[in-house]
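A structural walkthrough
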Amino acid sequence: DSTSPGVKVNSLFDLASLTKVTSTTFAVMKLYEEKRIALDSPVVYFMPEFKDKPTVTVRSILLHNSGLPASKIYYRLGLKGDEIINDICNTPLDYKTGSKTVYSDLGMMILGKVVEKITGEKFGDYLRRILWAPAGMSLTMFNPDPADIPFCVPTEVDDYWRFRLVQGTVHDENCTLLGGVSGHAGLFSTVQDISKYMLMLINGGTLGGTRFLKPSTIATFIKRGGGTSSRALGCDTNFKHAGLGGKKFPEYS
């Protein structure tokens with residue numbers, strides 16, 4: 001649109017599934033480092049309602065080989081909020097845990113709830129305290145304030161559910177039904193803020209003299225899970241140059 005404002009380093013973007021890497025994965029890294037969560041702990045240990053799936057662990061969700069389906073279209077099912085979480089808890093596995101890789105929103109939705117169970121804090125409040133505020137990521141948030149919406153880059157004209165321009169509210173339908181905050185989607189941020197997060201990881205866990213993670217924690221999480229999958233814990237890699245980086249990035253990226 002020729003009348004749209006130009007994109008700047010402080011323009012707010014709906015990060016969509018990058019929420020998984022920049023929020024949920026970081027939260028699990030921090031809790032892992034503090035020995036408050038173990039990678040091989042079954043999810044049911046933290047959420048008793050996640051019954052009948054004892055093989056699903058924190059690690060399997062991060063590697064996207066838990067057995068959970070990729071997603072569900074909950075607005076068509078008429079579910080929202082805790083109804084969605086309960087439905088995931090009662091959803092049978094599609095395949096044996098660890099037998100293959102299926103990128104799953106549902107697993108990361110559950111992992112966001114696990115973080116809340118362990119910390120006793122709302123997902124966004126926890127991240128603001130341990131990461132956004134100390135890192136100076138002042139334009140990283142769930143559910144932007146009305147005053148910030150004009151600075152948000154629009155996502156699309158929704159002609160199938162909301163029937164309006166989606167700007168400043170999360171595009172992901174399931175995250176919308178969860179109140180705009182989830183482990184799989186919902187985060188808004190800027191290029192400037194996300195660069196701080198990435199520089200912290202590249203710099204071995206420090207930023208501006210503050211340590212956020214130990215180098216050993218980062219090394220654990222960016223290591224491939226093995227087999228034919230390119231997946232690391234919460235992240236993807238450019239294994240066999242099959243990732244988005246292609247041959248311009250090394251396999252270890």
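First things first, this report covers the structure right here in the doc. Only a predicted model underlies this, so the values are computations on that prediction, with no experimental measurement involved.

The rules we used
Residues numbered from 1 in each chain as written. Predicted model: local features only at pLDDT ≥ 70, side-chain atom pairs only at ≥ 80, totals over all residues. Heavy atoms only, no water. Helix = DSSP H or I, 4+ residues; strand = E, 2+ residues; numbered from the N terminus. Rg over C-alpha atoms; globule rule 2.2 N^0.38 Å. Buried < 20%, exposed > 50% of the residue type's maximum accessible area, 1.4 Å probe, protein only. Contact = heavy atoms within 4.5 Å. Phe/Tyr/Trp six-rings, centres within 6.5 Å; stacked < 30°, edge-to-face > 60°. Pairing = 2+ DSSP bridges. Polar contact = N/O pair within 3.5 Å; in protein donor to acceptor, adjacent residues only side chain to side chain. Axes fitted to C-alpha atoms, helices over the stretch in contact; angles between N-to-C directions. Parallel < 35°, antiparallel > 145°, perpendicular 65-115°, else oblique. Left-handed = near helix turned anticlockwise from the far one by under 90°. Nonpolar A, V, L, I, M, F, W, Y, C, P; charged D, E, K, R; others polar. Patch = residues over 30% accessible without salt bridge, like charges linked within 9 Å, V, L, I, M, F, W, Y side chains within 5 Å. Areas by Shrake-Rupley, 256 points an atom, 1.4 Å probe, with all protein chains shown as cover. Salt bridge = Lys/Arg side-chain N within 4 Å of Asp/Glu carboxyl O. Disulfide = S-S within 2.5 Å.

Turning next to the overall build of the chain. Within the chain one finds 10 helices and 7 strands. Relative to the compact-globule value of 18 Å for 253 residues, the chain shows a C-alpha radius of gyration of 18 Å, a close match. In terms of overall dimensions, the chain has a C-alpha envelope of 50 × 45 × 40 Å along the principal axes. Each of the 253 residues in the chain was classed as buried or not, and the buried ones make up 47%. Sequence separation of 24 or more characterises 63% of the internal contacts of the chain that already satisfy a separation of 6 or more.

A separate point is the packing of aromatic side chains. What the rule picks out here adds up to 6 aromatic pairs. Ring centres of F123 and F142 lie 5.9 Å apart, and the angle between their planes is 40°; on these two criteria the pair is classed as tilted. Within this pair, whereas F123 is found in helix α7 (residues 123-135), its partner F142 is found in strand β2 (residues 141-142), the two being separated by 19 residues in sequence. Judged by its relative accessible area of 8%, F142 falls in the buried class. Ring geometry for W132 against F142: centres 6.0 Å apart, planes inclined by 50°, an arrangement best described as tilted.

Here we take up the sheet that holds β2. Sheet architecture is open: 3 strands sit in the order β1-β5-β2, paired in antiparallel fashion. Only two strands of the sheet have a single partner each, and these edge strands are β1 (13-14) and β2. Judged from the 2 bridges that link them, β1 and strand β5 (residues 187-189) form a sheet pairing that is antiparallel. Counterpart to F13 in the pairing with β5 is S189.

The next subject is the side chain of S189. Positionally, S189 belongs in strand β5. We classify S189 as buried; its relative accessible area is 0%. Within the structure, S189 has its side chain in polar contact with the side chain of T140 (distance 2.7 Å). Residue contacts for S189: discarding those within four places in its chain leaves S11, L12, F13, L15, L139, T140 and I194.

This part covers the packing of helix α1 (residues 18-33) against helix α6 (residues 105-119). Two elements in contact, α1 and α6, have axes separated by 10 Å at closest approach and are oriented at 45°. Put simply, α1 runs oblique to α6. You can see that α1 and α6 cross each other, and the crossing is left-handed. In contact with K20, T24, T25, A27, V28 and L31 of α1, α6 contributes D105, M108, L111, G112, V115, I118 and T119. Residue composition of the contact of α1 with α6, by class: 7 nonpolar, 4 polar and 2 charged.

This part is about a nonpolar patch on the surface. On the surface, a cluster of nonpolar side chains totalling about 320 Å² of accessible area is made up of M198, L199 and I202. For I202, the location among the structural elements is in helix α9 (residues 191-202).

What follows covers the state of the cysteines. Tallied over the full model, the rule gives 0 disulfides. The cysteine C89 is free of any disulfide, with C175 supplying the nearest cysteine sulfur at 17 Å. Distance from the sulfur of C152, which forms no disulfide, to the nearest cysteine sulfur (C175) is 14 Å.

Once that is clear, we can look at the pattern of salt bridges. Considering all chains together, one arrives at 11 salt bridges under this definition. Between K72 and D87 there is a salt bridge, with the nearest N and O atoms lying 2.9 Å from each other. Here K72, found in the loop between α3 (58-62) and α4 (74-77), pairs with D87, found in helix α5 (residues 82-89); they are 15 residues apart in sequence, far enough to count as distant.

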